[in-house]
Amino acid sequence: MKLYCLSGHPTLPCNILKFKSTTIMLDCGLDMTSTLNFLPLPLVQSPRLCNLPGWSLKDGNAFLDKELKECSGHVFVDSVPEFCLPETELIDLSTVDVILISNYHCMMALPYITEHTGFTGTVYATEPTVQIGRLLMEELVNFIERVPKAQSASLWKNKDIQRLLPSPLKDAVEVSTWRRCYTMQEVNSALSKIQLVGYSQKIELFGAVQVTPLSSGYALGSSNWIIQSHYEKVSYVSGSSLLTTHPQPMDQASLKNSDVLVLTGLTQIPTANPDGMVGEFCSNLALTVRNGGNVLVPCYPSGVIYDLLECLYQYIDSAGLSSVPFYFISPVANSSLEFSQIFAEWLCHNKQSKVYLPEPPFPHAELIQTNKLKHYPSIHGDFSNDFRQPCVVFTGHPSLRFGDVVHFMELWGKSSLNTVIFTEPDFSYLEALAPYQPLAMKCIYCPIDTRLNFIQVSKLLKEVQPLHVVCPEQYTQPPPAQSHRMDLMVDCQPPPMAYRRAEVLALPFKRRYEKIEIMPELADSLVPMEIKPGISLATVSAVLHTKDNKHVLQPPPRPAQPTSSKKRKRVSEDVPDCKVLKPLLSGSIPVEQFVQTLEKHGFSDIKVEDTAKGHIVLLQEAETLIQIEEDSTHIICDNDEMLRVRLRDLVLKFLQKF
Amino acid sequence: MDPECSRLLPALCAVLADPSQAVADDTCLEKLLDWFKTVTEAGSSLLLLQENPCLVDLLSHVLDLKPQDVSPRVLSFSLCLAGTFAAQEDCFEYLQQGQLLLGLFGEAGPLSWAAWSVPTVRSGWIRGLRSLAQHPSGLHFLGNSGAVDALFSLQGDSSLFVASAASQLLVHVLALSMQAAPQVTQALNVLTTTFGRCHSPWTEVLWGQLSPLVAHLLESDPIPAAHSLVDLLLSVARSPVFASADCGLWETMARMLSCLSPTQAGSLALGILKLQHCPQALRSQAFRVLLQPLVCILRATTQAPGPPGLLDETSAGSSMMVDTLLSSKSACVGLLCQTLAHLEELQPLPQRPSPWPQTLLVEAAVIILQLCDGSAVPSSSEGGRLCGALAGCSRVQRAALDFLGTLSQGISSRELMPQVFAVLLETLESPASSPMVLKKAFQATLRWLLDLPSPSSCLDLGPHAPLFLRELFPVLQKRLCSPCWEVRDSALEFLTHLTACWGGEADFREALLASEVPKLTWQLLRDPESYVRASAVTAMGQLSSQGLEAVSESPGHPEVQQGLIGELLHILSMDSEGFPRRAVVRVFTEWLRDSHADVARDTEWFVATVLQMVSQDLDWEVRAQGLELVRVFLVQTLGQPNPHCPYAVTLPKVTPPGPLPEVLRTLCQLQIIDFAFRALFDCDRPVAQKACDLLLFLREKTAPCSGLQEPGNSSDVTSVEATLHRWQAGEQSQPLGNLEPEELLAALRSLDLEGFQGRLAESSDHVEKSPQSLLQDMLATVAVLEENVADCY
């Protein structure tokens, strides 16, 4: 059993598990932090961004000044943003049989895998995962395609040149494999390969293994996966949450008794408590708006935004913000808000029960109805007519490199009355803000990450007790910024096995058993014999039939009879020759009684010698030797077949046949 | 038993049981007892009783007799005899079946009889119990029958024999209990009470017998019932009997300090340090024990070794401490919370150790808070583990903040002020701080700010404050916007207190006015949570008193134009909850007292408007507070109440603004009189009381001023009186109308205000406590019972 690790990002995993005869890809996350190295794509011409100076080497050489621009001491690539793909060289991706998706954030690299590697398998995911994943991809493609950029910089990627660049460009990994965003066509084609599954549904893969998605509590339709054969069980835990937010709660019990547990997708901010952060978010939002400023919340179009809107729903009246407009701007804003209301069966119990009243499960429906929350596909069109300040705007993309958020950063960045509040934990907010410096706008960082923290992980592991834990190397040591916090790492016995990008792990566990079925008629013919009290044995003679990784013992064919029928003949050709069965023997030979028996049968002059392994009975007269050992008996006589058969029969008298 | 004896026994028992036949000589009875003792020692008491039922008959007969008929001698004998039999557990059970033992030794038995006054009976009672207390069932019996309490009182018995026997029995009970581990605690608790309550010299003897047993307990590992043992030792040590005597107590305590686990040693150490008299060496040892957890924390987290003396001294035993601290999260949290609470308790006491290591304590509190909020960067692996154990632990945070708050008063903590303020700010700022932690952090901050060394010049808050304030107000702003109402509330309270103390300081005024805080506070007057509204009212009142209310010209807030007074009047008239309304009247009273500019502009209008609203209010506290406002107004108009003490310094009299009739007329016009009279008949007693006091004050102030005509025509007063009577009867619809000053004075004089005052001063349950009420209750109960009977059939 091997694990191929294609991504080094602990929350955007992409691993391949080789288990029995199957090759299973676990998630295909796309590392988008690479886009932080690029200049933002403004929706509206930005003179500031256009006029940034080109970057030149220390010696004044300016051959890169078309590709690289400088802003407040940072250097950015002026090009279509590119993403860092999972490793494609480690294993032939066309051999992947299935891809299991655990949540919509972990499928963003799917089109790169399914469309460009010769992949012919099936992708499994839950319905909300697919639908919301589609929205995220659609938004991403839309954000990038609507701002066409002629230039695609490649010079800087040259290894020799990259070495000369300032950090962080210098340290960017695998830049040669960075790719531009996929197209909508590729997205559609990739999504068409997905087969929908429900929680606890058992999916047979080639008869070899069974995979089952379990609720993971993190997002709508998010799942952990169990991959098991008859005697082995691997759990794949990715992006799980024990907090009570909108999704169905996490199913922990089904993870019990795993041989291996692959643990990914823990919280990226282990020291922050989501509750405190939500409070922080609300306070800062109110403070800004009360002072007449605007609030910008860069966010994904689904996920935490639902919870934030719910908190605000309860908060705005009490904070006297009822008259402040809330805008949600995304090409998929409408679909996201509506989808969230129709996936009732994937929601937590509270929200599910609302559907029966019937009421919309999320209160943002009411916010929309009362015109407190308005949504628009983009800043163009209706929005520009309705736009009132001060206001609160939720919009993407959290990297601040593309999407409508770029416009608001440019628009509001100059006033210290305004605030940008970062709630998505995927991007470093300082890096995200770098191309907007100098910035007068206030910046508040309250990352809300509901995924498991280390205390919850250690409780979970105690509860489910896997034999081995495999996790990204980042989880096996405290975070670099808090190296003394020994509590901020996975702590279990035996210690977890760590993986890193482009590594192949041999999982420490051997398969020892295989399940084989016996056909009923064959089972009927068995006659067990009790060998020891409580232990019965029966011999089985059968044909082992293996198809689709299922093994069946079938009755042996009758001894071949000469027949003229062609058909029969063909059958007998298929079946191996079957010899006449000899009985099996068991038991031991008591030497003294054996000697007495020999004497009764007229042998005399018998000598017994003890050896290391048993006894040798010497029939001196007959020049014959009987070697009796624990697991064998040999009769050695000089070409006297009659004598051998006589002696053999005497020996057999002491043994049981079956 | 001898068959002959068996034959004689019934007759003897009959004689003993017959009160008319006195037994002349009690030595015979003693001998008889001795004989029974030998018989029971030789064989089964149960068998003996079963074979000779006359014995049990005798015992029950004694109980059946009229108490006055029982001969003390026979009674004493019977008690001893019963104890002798009950010494065997099976026989004990046998006697218990008939409740015989409870009858003899229980509270309803001889204990309550007249014969109890005879020492022989008391002695017999003790001896009986002494024989009986041989087995666990016997011990339980002692505990359950209430006998132990009686024993305690007997220790101070007038008869020396009885007292001594009682003590011996107690020691015996203890010794017996010590054999059974679970009962050690119970025995220790009993003894703790003994030493706590009884300070007679004999307790010293008792201790003399006990101390070897205690020493024996200390040898076990772990020490059984350590908590109770600590209580016992402290109880002994607090007893004045041991103040001067050296009886090994201090050695025992010292030994115990060193062998108890850190958690248990803490409470012993605190107890020792609170003792009035105690050897210095033991005090030092106890203080070291108490400081040890903090010293360990400091060691594990700081590079600098800190002040040398204490750290070195406390190194012994610190490995055990570190082990405890690191063994588990809960152990660490428990020990730290306990230590902090102990030190907090010790801090204000006069007998606290000296020198008091203020610097070390402040440092430790700061480090602990940093460990909790994750900002500490420890130097050792132990520190790292502490960090893990304490990170985000709000329980420790709360304890440390409380402790840090009490440390504000030390002189030596000056140099640590920047660190303290930094950690407080960090806690106030951190999104992870829970509402409770924030409240404590606000309280601690307030204490440190108010205890800032403010030298003679009032305009200088010292070097730290302005810097701190600059950072504090943005945090306060954020907290005023918190979605959690508790946080908004604590922030407002903090603001109120801080403004009250510092409102005059230039630095403070500048920082406050530069921030959004006044504006936000104003907005919180409309908060959906009533507590917050109330706090906002108080805070705005305070800000306004100091001239610090928001000078906002923002067009978005029309209410600002209307002025704060308008906004507060709006709350007083419209708010559905009592708290904000009470707060408003309290603020108004303060404003009136301080002659707030808005009030002084037209005081009469102000008072009239407020009273109009207050008199309609359903909340009695609002009405009571309204009367307070009236009192302030009257004092301002009529002058201070006359001093009742003949030697008091008489203040120069405030001359009323006009002639008295005019003043009284104004009072009537402002409806003050109407309000006060109505309040006199208020259904809520405090309101009525206050009104009564107010009217008395008014009468007193108007009496000497006899420039007014005595009312010639009494019919006017009659009509007033009639109205008042109707009011008293609950019909308050009719107004009093505008009274002439003469009428008012007459009404005041005709009312028995002193009588009112007396009736109102009686507690509200005086009716329930009267015998009449008791009789009524009993009759009512009977009636209910009859009713129930009727219902059943």
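Predicted model, so just to flag it, every value in this text is computed and none were measured. (Residues numbered from 1 in each chain as written. Chains lettered and ligands numbered in written order. Predicted model: local features only at pLDDT ≥ 70, side-chain atom pairs only at ≥ 80, totals over all residues. Heavy atoms only, no water.)

## Notes on the overall build of chain B
Looking only at helices and strands, chain B features 43 helices and zero strands. Every one of the 793 residues in chain B was classed for burial, and the buried ones make up 50%. The long-range fraction of contacts in chain B, counting pairs at least 24 apart against all pairs at least 6 apart in sequence, stands at 73%. A total accessible area of about 35,900 Å² is found for chain B, and carbon and sulfur atoms account for 55% of it. (Helix = DSSP H or I, 4+ residues; strand = E, 2+ residues; numbered from the N terminus. Buried < 20%, exposed > 50% of the residue type's maximum accessible area, 1.4 Å probe, protein only. Contact = heavy atoms within 4.5 Å. Areas by Shrake-Rupley, 256 points an atom, 1.4 Å probe, with all protein chains shown as cover.)

## What about the overall build of chain A?
When helices and strands are tallied, chain A shows 18 helices and 33 strands. Of the roughly 30,800 Å² of accessible surface on chain A, 50% is carried by carbon and sulfur atoms. For chain A, the distance from the average position of its 58 positive side-chain charges to the average position of its 70 negative side-chain charges is 2 Å. (Lys, Arg positive; Asp, Glu negative; His and termini not counted. Charge placed at Lys NZ, Arg CZ, Asp CG, Glu CD.)

## Overview of the interface of chain B and chain A
If you look at the interface, chain B gives 23 residues, while chain A gives 17 residues. Among the residues chain B hides against chain A, the three largest losses belong to B:Pro431, B:Cys481 and B:Pro483. Together they make up 30% of the total. If you look at where chain B meets chain A, you find one salt bridge. With a closest N to O distance of 2.4 Å, B:Lys478 and A:Glu280 form a salt bridge. Inspection of the chain B/chain A interface yields four residue pairs in polar contact (both at pLDDT 80 or more). Those elements that provide at least two residues to the side of chain B that touches chain A are helix 22 (381-390), helix 26 (464-480) and helix 29 (517-523) of chain B. The element contributing the most residues to the side of chain B that touches chain A is helix 26 of chain B, with four residues. (Buried area = accessible area lost by both parts, 1.4 Å probe. Salt bridge = Lys/Arg side-chain N within 4 Å of Asp/Glu carboxyl O. Polar contact = N/O pair within 3.5 Å; in protein donor to acceptor, adjacent residues only side chain to side chain.)

## Considerations on the pairing of strand 20 (residues 468-472) of chain A
Residues and elements named next belong to chain A. Most of strand 20 sits out of view: four of its five residues are buried. Of the pairings in the sheet, the one linking strand 13 (residues 260-263) to strand 20 comprises three bridges and is parallel in character. Following the sheet pairing, Val262 is matched in strand 20 by Val470. Pairing of strand 20 with strand 21 (residues 497-499), which is carried by three bridges, proceeds in the parallel orientation. In the strand pairing of strand 21, Val470 is matched with Met497. (Pairing = 2+ DSSP bridges.)

## Considering the nonpolar core
Soluble, globular proteins show a tendency: their nonpolar side chains are buried together. Of all hydrophobic cores here, the largest spans 312 residues; its most connected members are A:Phe394 and B:Phe588. For this core, the element with the highest residue contribution is helix 17 (residues 280-301) of chain B, accounting for 12 residues. A:Phe394 has contacts with A:Phe281, A:Val297, A:Cys299, A:Ile305, A:Leu308, A:Leu309, A:Leu312, A:Phe326, A:Tyr327, A:Phe328 and A:Ile329, leaving out every residue within four places of it along the chain. Ranked by size, the runner-up nonpolar core spans 60 residues in total, among them B:Val70, B:Phe105, B:Leu111 and B:Trp116. (Core = buried A, V, L, I, M, F, W, Y, C linked by side-chain atoms within 4.5 Å.)

## Considerations on the domain arrangement of chain B
Partitioning chain B into domains gives domain 1 (3-176) and domain 2 (413-453 + 462-551). Here the C-alpha centroids of domain 1 of chain B and domain 2 of chain B sit 73 Å apart. (Domains from an automatic or database assignment.)

## Notes on the domain arrangement of chain A
All names here are of chain A. Each assigned domain of chain A is listed here: domain 1 (2-268 + 451-506), domain 2 (274-340 + 368-445) and domain 3 (585-657). Measuring from the centre of the C-alpha atoms in domain 1 to the corresponding centre in domain 2 gives 26 Å. Taken together, the contact pairs 39 residues of domain 1 with 39 residues of domain 2. A buried area of about 3,200 Å², summed over both sides, lies between domain 1 and domain 2, and 67% of it is on carbon and sulfur atoms.

## Examining a nonpolar patch on the surface
Taken together, A:Ile531, A:Ile535 and A:Leu537 make up a surface patch of nonpolar side chains, about 230 Å² in accessible area. Relative to the assigned elements, A:Ile535 resides in strand 25 (residues 535-537). (Patch = residues over 30% accessible without salt bridge, like charges linked within 9 Å, V, L, I, M, F, W, Y side chains within 5 Å.)

## With respect to the side chain of B:Arg488
Residue and element names in this part refer to chain B. With respect to the element layout, Arg488 can be found in helix 27 (residues 485-502). Since its relative accessible area comes to 5%, Arg488 is described here as buried. At a separation of 2.7 Å, a polar atom in the side chain of Arg488 contacts the main-chain carbonyl oxygen of Ser482. Setting aside chain neighbours within four positions, we find Arg488 in contact with Arg479, Leu480, Ser482, Pro483, Leu524, Asp527, Glu529 and Val532.

## Comments concerning the confidence of the model for chain B
All names here are of chain B. In this model, chain B carries a mean pLDDT of 80, and residues with pLDDT of at least 70 account for 82%. Under a pLDDT of 50 for its full length, residues 455-459 has, in the predicted model, five contacts with residues more than four places off or in other chains. Long-range and interchain partners of residues 711-715, a stretch whose pLDDT sits below 50, account for two contacts in this model, where long-range means more than four residues apart. If you check the scores for this complex, the pTM reads 0.75 and the ipTM reads 0.76. (pLDDT = per-residue confidence, 0-100.)

## Description of the packing of aromatic side chains
All names here are of chain A. Scanning the entire structure with this criterion turns up 36 aromatic pairs over all chains. A ring pair is formed by Phe143 and Phe402, whose centres lie 6.4 Å apart and whose planes are at 45°; its orientation type is tilted. One end of the pair, Phe143, is in helix 3 (residues 127-145); the other, Phe402, is in the loop between strand 17 (392-395) and helix 12 (405-412), with 259 residues separating them in the sequence. Each of the two residues, Phe143 as well as Phe402, counts as buried. With a centroid separation of 5.2 Å and 70° between ring planes, the pair formed by Tyr376 and Phe383 is classed as edge-to-face. Relative accessible area serves as the criterion here: at 6%, Tyr376 is assigned to the buried category. Residue Phe383 is classed as buried on the basis of its relative accessible area of 4%. Grouping aromatic residues by their ring pairs yields a cluster made of Tyr327, Tyr376, Phe383, Phe387, Phe408 and Trp412. If you follow Lys351 out to its NZ or CZ, it ends over the ring of Phe362, 4.9 Å from the centre. (Phe/Tyr/Trp six-rings, centres within 6.5 Å; stacked < 30°, edge-to-face > 60°. Lys NZ or Arg CZ within 6 Å of the ring centre and 35° of its normal.)

## Examining the side chain of A:Thr395
On the secondary structure map, A:Thr395 appears in strand 17. Contact partners of A:Thr395, with chain neighbours within four places excluded, come to A:Leu296, A:Val297, A:Pro298, A:Cys299, A:Ile329, A:Asp404, A:Val405 and A:Phe408.

## Regarding the UniProt feature "domain: Beta-Casp" (unreviewed entry) in chain A
As annotated by UniProt and renumbered to match this structure, "domain: Beta-Casp" (unreviewed entry) occupies residues 305-433 of chain A. Span residues 305-433 of chain A is 43% helix and 12% strand, its end C-alpha atoms 21 Å apart. (UniProt positions renumbered as here; feature names shortened; annotations may be inferred.)

## Topic: the pattern of salt bridges
All chains considered together, the criterion is met by 41 salt bridges over all chains. In this structure, a network of salt bridges that share partners links the residues B:Glu590, B:Arg593, B:Glu628, B:Arg631 and B:Lys690.

## Concerning unusual backbone geometry
Residues and elements named next belong to chain A. A cis amide bond, omega -5°, links Leu357 with the succeeding residue Pro358. If you trace the backbone, Pro358 turns up in the loop between helix 9 (349-355) and helix 10 (364-369). Even without being glycine, Asn639 reaches a positive phi, approximately 55°. By secondary structure assignment, the location of Asn639 is in the loop between strand 32 (633-636) and helix 18 (641-653). Overall, the relative accessible area of 79% leaves Asn639 in the exposed class.

## Considerations on the sheet that holds strand 12 (residues 233-237) of chain A
All names here are of chain A. Taken in spatial order, the seven strands make up an open sheet running 9-10-11-12-13-20-21, and their pairing is mixed. Each end of this open sheet is capped by a strand with a single partner; those strands are strand 9 (203-205) and strand 21. Strand-to-strand twist in this sheet, taken as the mean axis angle between neighbours without regard to direction, amounts to 20°. When strand 9 meets strand 10 (residues 209-215), the two strands line up antiparallel, connected through three bridges. Within strand 10, the position partnered with Leu205 by the bridge is Val209. (Axes fitted to C-alpha atoms, helices over the stretch in contact; angles between N-to-C directions.)

## Concerning the sheet that holds strand 17 of chain A
Residue and element names in this part refer to chain A. Strand order in this open sheet of six strands is 16-15-17-14-18-19, and the pairing throughout is parallel. Every interior strand has two partners, whereas the edge strands, strand 16 (373-376) and strand 19 (442-445), have only one. Between one strand axis and the next, the sheet turns by 20° as a mean value, whatever way the strands run. Where strand 15 (residues 326-329) lies against strand 16, four bridges are found, and the strand directions are parallel. Within strand 16, the position partnered with Phe326 by the bridge is Leu373.

## Considering the state of the cysteines
Residues and elements named next belong to chain A. According to the stated counting rule, one finds zero disulfides over all chains in the structure shown. Cysteine Cys299 shares no disulfide, and the gap to the nearest cysteine sulfur, in Cys446, comes to 13 Å. Judged by its relative accessible area of 2%, Cys299 is buried. (Disulfide = S-S within 2.5 Å.)

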